[in-house]
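Architecture and fold: a report
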Number of protein chains: 2
Amino acid sequence: MGQDLSRDQSRHLPMTAYALLGLLSFGDELTGYELKQRADRTLRFYWVSPAMSQVYSELERLHDLALVRRHGSGRTTSYSLTPMGRTTLTTWMRETPVGFPVLKHPVALRLLLGALVDPESITGMLRDHLARLEEERTDLEKVRVSLRGVDRSGDGFRYPALVADWGLSYFDHERTIIEDLLHRIETGT
Amino acid sequence: MGQDLSRDQSRHLPMTAYALLGLLSFGDELTGYELKQRADRTLRFYWVSPAMSQVYSELERLHDLALVRRHGSGRTTSYSLTPMGRTTLTTWMRETPVGFPVLKHPVALRLLLGALVDPESITGMLRDHLARLEEERTDLEKVRVSLRGVDRSGDGFRYPALVADWGLSYFDHERTIIEDLLHRIETGT
DNA sequence: CTCGCTTATTCCTAACAGGAACACTAACCT
DNA sequence: AGGTTAGTGTTCCTGTTAGGAATAAGCGAG
């Protein structure tokens, strides 16, 4: 039984686990709660923010695998990356086949079924979507600004800022698309 | 106990259920297998394609709720929308609060952690992503072409074609973004 | 001091992903 | 004919993920 565990390092973990390791890879010592917050704040633009339940159970597993260290100062427990955790993460970065993006776009799904309802219902939905798009964009803008400060770690490239720029341009593109769709629907192609 | 069921029509179903009802709303009589195929072919660009297991168990539920009709000709069973199923779907289209898109972008996630590995590893990943993007784009192009033929249902707007155009422009945008990123990384901002 | 807010964790349930297993059909192929 | 291979159609099982309720301690304001 025990001998199998020695090779368990090469087993792949659920994506959530790597996302958490990734958040810890920036060096901070974080509680489950803080990890969830950071995920909600920055990660959510490119990856689904894991549920609270998921964060804690995943941390449990990562601790069992010695990929994170526990810093239990009384009631609250915080976590940091172990050297082995860092190795696992970089190995995953290099060796794991990278999947294709998956999108769950409720607006597109409904647009597809647009013939079921009146056009006003569709244009209304698109306008609501535009408004929310704008909110999200300003949120991401704030994140990018705050990254400018933190992102001063020397030698490498400023990847988090790059990704933020990518996200912003994504929002901009979607806005023009939706505006165009609105125009086409209102005038009849 | 029984009396509660009378109000169960207003209960909301999982998203997968609405996606399946949506696929059936185009009028065909489909088996679970065919539904899965259609989802893989067209739906996947805007919504996660449900797993086989999910399709069959969801159809089971929809049948229990009398939202789909079963056409059991021997060993294979096909399904079609009941009037009540159509009503449920249009009600959902109009009344359900529309959520914000969720993206799982493994390339963006890794780019965020780019400092962990050498730049060549990142540019390699981006180039792979470009290639796959191109494949997906041509798949979607085929879908759009085939829609031109089917999409001749009279009065309304050609929504499926609209959504396909949206998807194509999404791929085009992502391609230019990635190419720009590659250039910026290779030259050092 | 107690009301409400944030932090922090645990637990439960339903939804979803992924694929193995099984069975039947059809084409083709030597 | 018999055999192989590919596609159709369904069921079952396990692990992962989503979502939120419940709990509790700490902390600032009235």
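Residues numbered from 1 in each chain as written. Chains lettered and ligands numbered in written order. Predicted model: local features only at pLDDT ≥ 70, side-chain atom pairs only at ≥ 80, totals over all residues. Heavy atoms only, no water.

Take helix H5 (residues 83–95) of chain A next. For an α-helix the count is 3.6 residues per turn, leaving residues at separations of three or four pointing the same way. Over its 13 residues, H5 of chain A extends 18 Å from the first C-alpha to the last, a length consistent with the 18 Å expected when each residue adds 1.5 Å. Gly85, Thr88, Leu89, Thr90, Trp92 and Met93 of chain A are the residues of H5 of chain A that are buried. (Helix = DSSP H or I, 4+ residues; strand = E, 2+ residues; numbered from the N terminus. Expected span 1.5 Å × (residues − 1). Buried < 20%, exposed > 50% of the residue type's maximum accessible area, 1.4 Å probe, protein only.)

All right, on to the relation of the copies chain B and chain A then. Overlay of chain B on chain A (RMSD 0.1 Å): rotation 180 degrees, translation along the axis 0.0 Å. One copy is carried onto the other by what is essentially a two-fold rotation axis. Closest approach to the rotation axis within chain B is made by the C-alpha atom of Leu103 of chain B, at a distance of 2.4 Å. Of all interface residues in chain B, 100% are interface residues in chain A too; the two copies therefore contact each other through one and the same surface. (Least-squares fit on C-alpha atoms with pLDDT ≥ 70 in both. Contact = heavy atoms within 4.5 Å.)

Residues and elements named next belong to chain B. Strand order across the open sheet formed by 3 strands is S1-S3-S2, with antiparallel pairing between neighbours. At either end of the open sheet lies a strand with only one pairing partner, and these are strand S1 (30–31) and strand S2 (68–73). Bridge analysis of S2 against strand S3 (residues 76–81) gives 6 bridges, and the strand direction is antiparallel. By the bridge assignment for S3, Gly72 is matched with Thr77. (Pairing = 2+ DSSP bridges.)

What surrounds DNA strand D is a group of 20 residues, the closest being Pro14 and Ser53 of chain A together with Ser53, Tyr56 and Thr77 of chain B. Those atoms of DNA strand D that come within 4 Å of the protein belong to sugar or phosphate at a rate of 59%. Between DNA strand D and Arg75 of chain A there is a distance of 3.4 Å, counted from a sugar or linking oxygen to a side-chain nitrogen or oxygen. Mapped by element, the contributors of at least two residues to the surface near DNA strand D are helix H2 (15–24) and helix H4 (52–64) of chain A together with helix H3 (32–41), helix H4 (52–64) and S3 of chain B. By residue number, the principal contributor to the surface near DNA strand D is H3 of chain B, which donates 4 residues. (Near = heavy atom within 4 Å. Polar contact = N/O pair within 3.5 Å; in protein donor to acceptor, adjacent residues only side chain to side chain.)

The next subject is the pattern of salt bridges. Opposite charge on two side chains permits them to pair, given that their charged atoms come into close proximity. Throughout the structure, instances matching the rule amount to 34 salt bridges over all chains. In this structure, the salt-bridge partner of Glu136 of chain B is Arg44 of chain B, at a minimum N-O distance of 2.8 Å. Note that Glu136 of chain B is positioned in helix H7 (residues 119–150) and Arg44 of chain B in the loop between H3 and H4, a separation of 92 residues in sequence. The exposure class of Glu136 of chain B is buried, given its relative accessible area of 16%. Overall, Arg44 of chain B belongs to the partly exposed group, its relative accessible area being 29%. We note a salt bridge from Arg137 of chain B to Glu141 of chain B, for which the minimum N-O separation is 2.6 Å. With Arg137 of chain B and Glu141 of chain B both in helix H7, this residue pair falls 4 residues apart, about one helical turn. When its relative accessible area of 16% is taken as the criterion, Arg137 of chain B is described as buried. Classification of Glu141 of chain B by relative accessible area gives partly exposed; the value is 26%. Linked through salt bridges whose partners overlap, the residues forming this network are Arg137, Glu141, Arg144, Asp165, Asp172, Arg175 and Glu179 of chain A together with Asp180 and Arg184 of chain B. (Salt bridge = Lys/Arg side-chain N within 4 Å of Asp/Glu carboxyl O.)

Further remarks concern the packing of aromatic side chains. Aromatic ring pairs: the centre-centre distance and the angle between the two ring planes describe each pair. A full pass over the atoms with the stated rule returns 11 aromatic pairs over all chains. Through a chain of ring-to-ring contacts, three or more aromatic side chains come together here, namely Phe45, Tyr46, Phe100, Tyr170 and Phe171 of chain A together with Phe45, Tyr46, Phe100, Tyr170 and Phe171 of chain B. Here the guanidinium or amino end of Arg110 of chain B rests over the ring plane of Trp92 of chain A, the centre of that ring lying 4.0 Å away. (Phe/Tyr/Trp six-rings, centres within 6.5 Å; stacked < 30°, edge-to-face > 60°. Lys NZ or Arg CZ within 6 Å of the ring centre and 35° of its normal.)

Once that is clear, we can look at the protein's contact with DNA strand C. Neighbouring DNA strand C are 21 residues; Ser53, Tyr56 and Thr77 of chain A together with Thr16 and Ser53 of chain B lie closest to it. Sugar and phosphate atoms form 57% of the subset of DNA strand C atoms that lie within 4 Å of the protein. Gln54 of chain B is positioned such that a nitrogen or oxygen atom in its side chain is 3.3 Å from a phosphate oxygen of DNA strand C. In this structure, a phosphate oxygen belonging to DNA strand C sits 3.3 Å away from a side-chain N or O atom of Arg61 of chain B. Contributing elements (two or more residues each) for the surface near DNA strand C: helix H3 (32–41), H4 and strand S3 (76–81) of chain A together with helix H2 (15–24) and H4 of chain B. Its residues assigned to classes, the surface near DNA strand C shows 8 nonpolar, 10 polar and 3 charged. (Nonpolar A, V, L, I, M, F, W, Y, C, P; charged D, E, K, R; others polar.)

Another point: the interface of chain B and chain A. Residue-level contacts link 65 residues of chain B with 65 residues of chain A. Between chain B and chain A lies a buried interface of about 6800 Å² when both sides are counted; carbon and sulfur atoms form 76% of it. The largest per-residue losses of area from chain B upon contact with chain A belong to Arg110, Tyr159 and Trp166 of chain B, which jointly make up 13% of the total buried on that side. For the salt bridge of Arg94 of chain A with Asp118 of chain B, the shortest nitrogen-to-oxygen distance reads 3.0 Å. There are 13 residue pairs in polar contact (both at pLDDT 80 or more) connecting chain B and chain A. Where the side of chain B that touches chain A is concerned, the elements lending two or more residues are H2, helix H5 (83–95), strand S4 (102–104), helix H6 (106–112), H7 and helix H8 (159–187) of chain B. Counting residues per element, the side of chain B that touches chain A draws most heavily on H8 of chain B, at 16 residues. Here the residues of the side of chain B that touches chain A sort into 42 nonpolar, 13 polar and 10 charged. Across 3 bridges, strand S4 (residues 102–104) of chain A lies against S4 of chain B in antiparallel orientation. Counterpart to Leu103 of chain A in the pairing with S4 of chain B is Leu103 of chain B. (Buried area = accessible area lost by both parts, 1.4 Å probe.)

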